[in-house]
Structure formats: C-alpha cells, structure tokens
2 protein chains.
Amino acid sequence: MKNTTAKRIELNDFILNTMRQCILLRPLGVEDFDEIVQTSHAVQLTDNSVLFEQGSELTDIYLLISGGVKIQRLAPNGDEKVLEIIRPGQTFAEAVLFFGGSQYPVTAVTVSPSIVVGIKAETYLKLLHTSNSLCLNLLGNLSQRLHWMVNEMDRLTLHNATFRLVDYLLSHIPVDSNERAGVSLAAPKHVIASRLSIKPETLSRTLKELSKQGLIKLEGSEIELLDIAKLRQLILL
Amino acid sequence: MKNTTAKRIELNDFILNTMRQCILLRPLGVEDFDEIVQTSHAVQLTDNSVLFEQGSELTDIYLLISGGVKIQRLAPNGDEKVLEIIRPGQTFAEAVLFFGGSQYPVTAVTVSPSIVVGIKAETYLKLLHTSNSLCLNLLGNLSQRLHWMVNEMDRLTLHNATFRLVDYLLSHIPVDSNERAGVSLAAPKHVIASRLSIKPETLSRTLKELSKQGLIKLEGSEIELLDIAKLRQLILL
C-alpha cells in the first residue's frame, strides 16, 4: 500500500462554491446544503495518495476540487487497471452509493497533488430517501447533463472527422493551389473511412455537411472542391 | 406548421428490446416494465414530421428507435434554433418531466424517416413517485453513464489532439525520412496549441503522453522524434 499523506483543510469559499455548483449538490435547498456542509470535510493530498481502497467500507462520496484522481480496480491476476481519471468538479463513488453498495468497488489514488471533499454518504442518502422531489430534481439534472454530453461528443467526433477528411481531400491538390479542383475518391467510401479512422456514417455525414456549406460538390465518387481557401481555413485554426 | 404523417405501428420484438435496454427503462422490474409497455405506442414518421410542439401539453416522453429527430426552440425573433439531434436509442423530453414541467419547452421534428416510441409521462412518473429505490437505481444508471461519457470525451479530445500534434510534428521532416530527427518548436507552446486548436493543457498532456510512450524526447523547446515509423502509424489508421 502506498504512503498516504492527507492534511485536513478548512472548507474555504472556493471549495464551498465548487460544492454548491456540483451536479449532486446543486438541487439541494439551503438547509439541506448546510447539513451536507456540516458533515463534509476537505483534505489536501500529495501525489500518489490512496483516498480509499477497493473492498473497504463506503463512508463518503467525493468531489474533486483540484488535482487529479485515478480510479482503478485490481484484476484477478493482481494487475491494477485504471478505469477512469477524475477531473476537478467531478464527483466519484456516488454511483455505487445509488446502487446501494456498502463497499468501494474500486481504489482511488491521486495522480497529482489534490484537494478532495468527502461528503458523508449517510447524510446524502438520508436526504435522497426523505425527498422524492430531490431525487427527481437530481434525475433532471443528470439527464440534462447527459443530453449535453451526447451532443458534445457528437460535435467532437464530427469536428475530428471534418478535420481529417478535409486534410485528406486537400492532400490531393498542390499546396499552393487555390483553384477549384476535382478529386476522385480512389477507394470505396468504407475504405476511406477506415483510412481516416472514422465511421462510414460519420464520413457520409461530414461529406453532406461540407456540401451543404457549399465547400464541396458531390457527384458519385467524384468530389469537386469548390472553395479551397475556406477548406484550408477549416483545418488551420 | 409542417405536415405530419404519423402511422401507428405495433411494438415488435426489436422495439421492445430497444425499450428494455434504454437507460430510463432498464432499472424497471418485470411488472413495472409491462405496465409501461401497455401504455406505450410506436409511430412511424416521415421526414420533417413534427412530433410535438413547444408549449403544447407534455403527455409522453420519447425513445427514438430509428432515424433522427432534431430538438429546436423558437427564438424571440422567430428563428428556429436547433439545440440537439437525437440518435437512435436516446430518450428525449424526460428531463423536463423530472423537473415537473407540464409543457414541452421545445419542438421535435424528424430529420429522416423515423420510428419513435411514446411512453406515457403519467405512468412513468407514477412509478418514480411510488418507488424511491427505482429513483436511486435510475440515478445510479445515469451517473455511471455520465462517468463513462466524461471519460470517452477525454479520450476523444486526446485522440484528436494526438492526431493533430503528431501530424504537425511530422510536417517538419521529409515525407520519406525514417531517421530520428530533431524538431524545434518555432513558437511558444500556447501559440502552437492555438494553431492546432487544442487547449494548452491538452498540448502538454499529449506531449507528455508521447514522451512516456518513448516516441519523442522533450528538451525545452526542442523535440526529438525518436520513432518516426510508430508516429506515422499513429495518424495512419
């Protein structure tokens, strides 16, 4: 077991603000939030400190204020597999609490000097058990956040795909050319998609999107690059 | 208002399976799931059909089985702003239900021929109100999913950043060279980050990661490319 240095620190304004904004505590009313604050504590941890260990009793759920924490699980062969890296503002260990678990199913170790708030699991669970409307409010928040994430991932994937596709298309014409140019797709679309490591559906969507913006014109396996300057801009910055 | 063609279809095995696996219905016991199924209906919609309109009474929450649906809101100036594109397997309109809303705050319009299941809001809400453990189970599912998403987004962003950075580094050496080579970063890191449109932190993390993998060696603003073949592989496929 690693050496753990945990120094208790006070819940200063920055920490309290981060708590107030975190997804699990945001739906709480003033009184409930105060109750949570009174049973919470903050610790400052050095790099490589164990916050909790797999199999130990679940007493707190956590909010990372600063630094980074890796969540790992012991594999049957004794190897430690990192499942997740927690970023500031994220909570962890709450899912197992919701599912009724009484032990941590994973180990949490800091990857850099970190500040972490421990929220008494018992206090939080009591609030959820006594207020159905709090549960629903929390469900609303989580589900909104999920929608946002799905959308953001979509945007990222598409951004990524656009970058690669445009880069690929421009690689077919001279670097200094600014003229309209025709590019023949030398391979079937699924091969090109694989070459660019994007899904065929994403390739199709990206081609459609570029064509909708008037940057390219699609005609079967022929692609006309209509606005080279704008295409270059898309991948530069 | 657009022309809406909705054709009611039966809840076949594929639809029932998709319902069973969807995040909102997965935590339900057999009896509760049956009750939901009995008050649900599936419709087949043509492209550009309005499923519900902003301001109309919220009667159902929806699960998209196939096709695509855009969620849009009317801006004060009368423009329609698309907030989100729903993908198959995703539910929508549930967040506003959790928050206690009684009207749809947005309009839902198909972007391609689609099959959609409407789940009676009243039935679903009754189940949530009568079972705190269902609420908690659902919270567990949503929070697990959120953790997965945060992680996946991290991976995507890093993947994206790695692709761009390696592409940028390789652009400094001849296309056919396979020798170790030194590259001087001509600009400060934050300028290069901006040029690659990634965050400075992400640039640092990516550089560190590549160096940990033994692909590059960092010395101030000098970068030695240690394994050109592997670097090329990273961005090809």
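Just above sits the structure.
This is a predicted model, so every value here is computed, not measured. (Residues numbered from 1 in each chain as written. Chains lettered and ligands numbered in written order. Predicted model: local features only at pLDDT ≥ 70, side-chain atom pairs only at ≥ 80, totals over all residues. Heavy atoms only, no water.)

Enquirer: Got a sec to walk through the nonpolar core? Specific residues and values, please.
Expert: By size, the foremost hydrophobic cluster in this structure holds 103 residues, and its most contacted members are Met19, Phe92 and Tyr124 of chain A together with Phe92 and Tyr124 of chain B. Discounting chain neighbours no more than four positions away, the residues touching Met19 of chain A are Leu11, Leu25, Phe33, Ile36, Val37, Ser40, Leu63 and Val117 of chain A. (Core = buried A, V, L, I, M, F, W, Y, C linked by side-chain atoms within 4.5 Å. Buried < 20%, exposed > 50% of the residue type's maximum accessible area, 1.4 Å probe, protein only. Contact = heavy atoms within 4.5 Å.)

Enquirer: Help me get a handle on the interface of chain A and chain B, residues and values and all.
Expert: Listed by partner, the interface residues are 50 residues for chain A and 50 residues for chain B. Of the roughly 4,600 Å² buried where chain A meets chain B, counting both sides, 63% is carbon and sulfur surface. Linking chain A with chain B are zero salt bridges. Remark: the boundary between chain A and chain B carries 14 residue pairs in polar contact (both at pLDDT 80 or more). The dominant element in the side of chain A that touches chain B, judged by the number of residues it contributes, is helix H5 (residues 132-170) of chain A, at 28 residues. (Buried area = accessible area lost by both parts, 1.4 Å probe. Salt bridge = Lys/Arg side-chain N within 4 Å of Asp/Glu carboxyl O. Polar contact = N/O pair within 3.5 Å; in protein donor to acceptor, adjacent residues only side chain to side chain. Helix = DSSP H or I, 4+ residues; strand = E, 2+ residues; numbered from the N terminus.)

Enquirer: So what about the relation of the copies chain A and chain B? Which residues, and what values?
Expert: Between the two copies, chain A and chain B, the superposition gives an RMSD of 0.1 Å; the rotation angle is 180 degrees and the shift along the axis is 0.1 Å. On this basis, the relationship between the two copies can be described by a two-fold rotation axis. A shared binding surface is used by both copies, with 100% of the interface residues of chain A retained as interface residues in chain B. (Least-squares fit on C-alpha atoms with pLDDT ≥ 70 in both.)

Enquirer: If you had to explain the pattern of salt bridges to someone new, which residues and values would you point to?
Expert: The tally for this structure, following the rule as stated, stands at eight salt bridges over all chains. A salt bridge links Glu219 of chain A to Lys217 of chain A; its shortest N-O distance comes to 3.9 Å. We classify Glu219 of chain A as exposed; its relative accessible area is 52%. Judged by its relative accessible area of 41%, Lys217 of chain A is partly exposed. Ionic pairing is found between Lys212 of chain B and Glu209 of chain B, a salt bridge with its closest N-O pair at 4.0 Å. Placement of both Lys212 of chain B and Glu209 of chain B in helix H7 (residues 200-212) is noted, with a separation of three residues, approximately one turn of the helix. In this structure Lys212 of chain B comes out as exposed when scored by relative accessible area, which is 72%. What makes Glu209 of chain B partly exposed here is its relative accessible area of 29%.

Enquirer: Could you give an account of the packing of aromatic side chains, with specific residues and numbers?
Expert: In this structure the tally under the stated criterion is ten aromatic pairs over all chains. Ring centres of Phe52 of chain A and Tyr104 of chain A lie 3.8 Å apart, and the angle between their planes is 15 degrees; on these two criteria the pair is classed as stacked. One end of the pair, Phe52 of chain A, is in strand E3 (residues 50-52); the other, Tyr104 of chain A, is in the loop between helix H3 (94-98) and strand E7 (107-120), with 52 residues separating them in the sequence. Like Phe52 of chain A, the residue Tyr104 of chain A is buried in the burial classification. With a centroid separation of 5.7 Å and 25 degrees between ring planes, the pair formed by Tyr62 of chain B and Phe92 of chain B is classed as stacked. Placement of the pair is Tyr62 of chain B in strand E4 (residues 60-66) and Phe92 of chain B in strand E7 (residues 91-92), with a sequence separation of 30 residues. The exposure class assigned to Phe92 of chain B is buried, which follows from its relative accessible area of 1%. Here Arg20 of chain A stacks its cationic end above the ring of Phe33 of chain A, 4.2 Å away from the centre of that ring. Just above the ring of Phe163 of chain A sits the side chain of Arg164 of chain B; from NZ or CZ to the centre is 4.2 Å. (Phe/Tyr/Trp six-rings, centres within 6.5 Å; stacked < 30°, edge-to-face > 60°. Lys NZ or Arg CZ within 6 Å of the ring centre and 35° of its normal.)

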